[in-house]
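Chains, contacts and geometry: an overview
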Amino acid sequence: MSEPSRATAREGLAVKYRQVKGDPAAVLFSDDAPFAVMVLDLTPDGEQVRDIYNVTNPDKLPHLD
């Protein structure tokens, strides 16, 4: 079985930019439901990224809109 193309894999996904626990984040939605979130942990001055956190556990995503 072949891997889906990038266009097919992204079909139906929307990206919205939010603050999650005070940090900038990109939230991916599939059919209006949160699918994944990527949170950037910035340095105190906001100039550099210290860490990037990805969450795809559906139990941790329902509160995002």
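Above this text sits the structure in question.
Quick look at the side chain of Asp-41
Topologically, Asp-41 is positioned in strand 3 (residues 33–42). On the accessibility criterion, Asp-41 (16% relative accessible area) is buried.

Notes on the pairing of strand 3
Pairing between strand 2 (residues 23–30) and strand 3: six bridges, direction antiparallel. Paired with Val-27 across the strands is Val-37, a residue of strand 3. What sits between strand 2 and strand 3 in their antiparallel hairpin is a turn of two residues, with Asp-31 showing a positive phi close to 55°. Where strand 3 folds back onto strand 4 (residues 49–55) in an antiparallel hairpin, the turn is made up of six residues, including Gly-46, whose phi is positive at roughly 75°.

Some words on the packing of aromatic side chains
Two descriptors summarise a pair of aromatic rings, namely the distance from one centre to the other and the angle between the planes of the rings. In total, this model carries zero aromatic pairs according to the counting rule given. Between the NZ or CZ atom of Lys-16 and the centre of the ring of Phe-29, over which it lies, the distance is 5.0 Å.

Re the nonpolar core
With eight residues, the main nonpolar core is built from Val-20, Ala-25, Val-27, Phe-29, Val-37, Val-39, Leu-61 and Leu-64. At the level of elements, strand 2 and strand 3 are the ones that each hand at least two residues to this core. Take this core: its biggest share by element is three residues, from strand 2. Residues in contact with Ala-25, not counting those within four places in the same chain, are Lys-16, Tyr-17, Arg-18, Val-20, Val-37, Met-38 and Val-39.

Some words on the sheet that holds strand 3
Read from one edge of the open sheet, four strands run 1-2-3-4, paired in antiparallel fashion. One side of each edge strand has no neighbouring strand; the edge strands of this open sheet are strand 1 (13–20) and strand 4. Direction aside, the axes of adjacent strands within the sheet are offset by 20° on average. Here strand 3 pairs with strand 4 via six bridges, running antiparallel. The residue of strand 4 that forms the bridge with Val-37 is Val-55.

What counts and how
Residues numbered from 1 in each chain as written. Predicted model: local features only at pLDDT ≥ 70, side-chain atom pairs only at ≥ 80, totals over all residues. Heavy atoms only, no water. Helix = DSSP H or I, 4+ residues; strand = E, 2+ residues; numbered from the N terminus. Buried < 20%, exposed > 50% of the residue type's maximum accessible area, 1.4 Å probe, protein only. Pairing = 2+ DSSP bridges. Phe/Tyr/Trp six-rings, centres within 6.5 Å; stacked < 30°, edge-to-face > 60°. Lys NZ or Arg CZ within 6 Å of the ring centre and 35° of its normal. Core = buried A, V, L, I, M, F, W, Y, C linked by side-chain atoms within 4.5 Å. Contact = heavy atoms within 4.5 Å. Axes fitted to C-alpha atoms, helices over the stretch in contact; angles between N-to-C directions.

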